[in-house]
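# Structure assessment
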Amino acid sequence: MTEQTPTDVHAAWLPAEAFRSLGSRRVLVHGAGPLVDTVYEEAARACAEHGGQVRRAPAQGHGPAATGEDADLVLALSSANSLGPAARSVLAGFRAAGGGTAAIGDEGYLLARRDGTTLVLADDPAGLLYGLFHVVRLGAAAFTGDRPAEHHRPAVRSRMLDHWDNVDVHPVMGQVERGYSGGSLFWHDGRARGDLTRVRAYARLLAACGINAVSVNNVNVHATEALLLTERLGDVAALADVFRPYGIRVHLSVSFAAPVVLGGLPTADPLDPDVRAWWAEATARVHQAVPDFGGYVVKADSEGQPGPFSYGRSHADGANLLARALAPFGGEVHWRAFVYDHRQDWRDRTTDRARAAFDHFAPLDGQFDDNVVLQVKHGPMDFQTREPVSPVIAAMPRTRLAVEFQVTQEYTGQQRHVCYLGPMWSGILGFGPWGPEGPTVASVAGGGTEPGTGRAAGGGIVAVSNAGDDRYWTGHPLAQANLYAFGRLAWAPGADPAALLDEWIDLTFVPVAAGDPAPLRHALHAMMAGSWRTYERYTAPLGVGFMVRPGDHYGPDVDGYEYTPWGTYHFADRDGVGVDRTRATGTGFTGQYPAPWSQVYESPGRCPDELLLFFHHVPYGHVLRSGSTVVQHIYDTHFDGAEEAAAMRRRWADPALTRLVDPALHARVGERLDEQVRCAEEWRDQVNAYFFRKSGVPDARGRRIP
Ligand code: GCU
């Protein structure tokens, strides 16, 4: 793999080599404005590297110099008045097919190839930028034969990464909360980094996979971070300046108590006129400093963060307070639905953390302003390896919803384990909350696809980033694939995650030695494509979740959370395991789903195996749909999962592959695989021993359980 100098940071999916095809051509860039400048710079950089030529079209003009008839690649705004005949005919064809008025649309582009010229046409400069990166992904194929016009546009308007970065190093959480890739990209030594070269490189990587929004600080807003809204606004503006040329808007996590802690007011009551005035003024100042500011992210009344409950107000009151301050400037509030009782009594079987988001928010449907986005974790608990889709997604048709994923691998191996999450996210985005035939989670997040249903516009797709100041960006070099796939799925939720994995491999892994690169691609695909299921096999079984070490959430501790206040239990005893969330005998959580899921999940016979213990407490001898008993399934999957991890490590050590990979990168992945194998064996032995001791049922295949 090639490295990027001078910062000596890994080039990830944008190595110079990925630009070879584009950079060896004659390129014409049409249009003006900061994002068009970025397109031009990208093309110029590639051409300088690979011997091509790039030109800007004059604003007015005729002949090939302006129209690009002599160019191999033309990137042009559809409004340009000197387009050549090929571009004009592609546009005319597109418009005619759409009844004469079709728009390419925000951030969208047409990609075509006619008469030896590849064309990227867009209504706005962002579309040109995304089109340029599409040409990079295609490589030589972008310049071969004819290509009928393809229309590409994002399914979701807001495609966002949240950074849980602290400006100061937090005594328990470190600098990046749940971060496994070194320090923050943005903050260092209690202040913004002076040199933002890496942030610019990051912005470029994000644009290349389709991300258009970031929030730059932790949702748990501590004292120093609160100041970003006021005294340290200049730092936010500096970051926004670096993200802007890549079409990325900056957001800020704010404390609901800001009027008290920053403004010196006696209250943060959302209905208090002084509080409203304070937010209006503070927000106006933010917009002065950052004219395209995206808005606020808020974690309120959750895990100790302040919120409207302290004043007897609802979360709609709280969110609308901020929304009204942002509305004059076109900003949005991302209000998180992650609200639950984290001081639960484990003896109390009536409280169910899975119910909390629905219980708090569903009754508020219709009460949120239009520029409020309710940001809902994809599952009802907390980013476990396997959870059902949150019932909130089907429950609030009159609210703009965003679905939140976790690219950082808090519960999925912490970037020490290979765990490619594309298949999980793809399954969730394609899930039908009202049944397999109905609209999908992606269509709720995207919105606007169902005219006449009265359903609110979508709030987008959001994830917690896994990037840091590590040389490979993500600690484990293979965890880059998660960042890449997240962006690509947020843009095109229907994309095949296995194909996205190959796309990432092809861009990222340029063999360092001569020879056939196919074995490298094949090996990486084989190691990664099924790695989420492998991880699931050796960790908590059948959707029951947790069983991780309390606090850092790494490695096995079956009863680690069993008697804690966090609401995360598995209820294993000598007879059985699982959480009864049925209406008939349990917490009633299944009743939060519409049909058919309310019935499917209610019935142990119909519930999918992988979620059985999330919804039901069953005896160890319960026969799964697969035909295996629960306890035998636990033994089998844990032996298999640990063996699959060992197979990954063997594959990576194959000398035929080793010689094709940069030695430092190879070593880094190798170290992580050693740890994955060790940890998977630990999981296997602890989980198997635990259930053998509880149940007394021996392994039907007589394998050794310690
Ligand atoms: C998890 C995570 C916390 C984080 C929280 C959140 O509980 O462990 O570190 O703050 O999610 O999403 O707000």
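Notes on the structure in this doc start here.

What counts, and at which threshold
- Residues numbered from 1 in each chain as written.
- Predicted model: local features only at pLDDT ≥ 70, side-chain atom pairs only at ≥ 80, totals over all residues.
- Heavy atoms only, no water.
- Helix = DSSP H or I, 4+ residues; strand = E, 2+ residues; numbered from the N terminus.
- Rg over C-alpha atoms; globule rule 2.2 N^0.38 Å.
- Buried < 20%, exposed > 50% of the residue type's maximum accessible area, 1.4 Å probe, protein only.
- Areas by Shrake-Rupley, 256 points an atom, 1.4 Å probe, with all protein chains shown as cover.
- Pairing = 2+ DSSP bridges.
- Axes fitted to C-alpha atoms, helices over the stretch in contact; angles between N-to-C directions.
- Contact = heavy atoms within 4.5 Å.
- Near = heavy atom within 4 Å.
- Polar contact = N/O pair within 3.5 Å; in protein donor to acceptor, adjacent residues only side chain to side chain.
- Nonpolar A, V, L, I, M, F, W, Y, C, P; charged D, E, K, R; others polar.
- Right-handed = clockwise from strand over helix to strand, strands pointing away.

### Remarks on the overall build of the protein
Assigned secondary structure in the protein consists of 24 helices and 22 strands. In summary, the protein has a C-alpha radius of gyration of 26 Å against a globular reference of 27 Å for 706 residues, a match within 12%. When its C-alpha atoms are laid out on the principal axes, the protein stretches across 85 × 70 × 55 Å. When each of the 706 residues of the protein is scored for burial, the buried share is 61%. When the accessible surface of the protein is summed, it comes to about 25,100 Å², and 52% of that surface belongs to carbon and sulfur atoms.

### So, the sheet that holds strand E8 (residues 147-152)
Where strands meet in a sheet, backbone hydrogen bonds hold them as pairs that are either parallel or antiparallel. Read across the sheet, six strands follow the order E4-E3-E5-E7-E6-E8 without closing on themselves; strand pairing throughout is mixed. Of all strands in the sheet, those bounded by a partner on one side alone are strand E4 (53-56) and E8. For this sheet, the mean angle separating the axes of adjacent strands, direction not counted, is 15°. Inspection of the sheet shows strand E6 (residues 109-114) paired to strand E7 (residues 117-122) by five bridges, in the antiparallel sense. When the sheet's bridge partners are listed, Leu111 is paired in E7 with Val120. Most of the contacts of helix H5 (residues 125-138) go to E6, to which it runs at about 50°, and overall it touches strand E5 (73-77), E6, E7 and E8.

### Section: the side chain of Ser390
Tracing the chain through its elements places Ser390 in the loop between strand E18 (372-377) and helix H13 (392-395). When residues no more than four places from it in sequence are discounted, the contact partners of Ser390 are Val376, Lys377, His378, Gly379, Pro380 and Tyr593.

### A few points about the site of the ligand
Taken together, 13 residues sit near the ligand, with Glu177, Lys299, Arg336, Lys377 and Glu410 positioned nearest. Here an oxygen atom of the ligand and a side-chain polar atom of Arg178 are 2.9 Å apart. Relative to its free-state accessible area of 320 Å², the ligand is covered by the protein chains to the extent of 97%. Split by residue class, the shell around the ligand holds three nonpolar, two polar and eight charged.

### Describing the pairing of E4
Note: strand E3 (residues 26-29) against E4, four bridges, orientation parallel. Its bridge partner lying in E4, Val27 is registered against Val54. As for the winding sense of the linkage, the β-α-β connection from E3 through helix H2 (residues 34-50) to E4 is right-handed.

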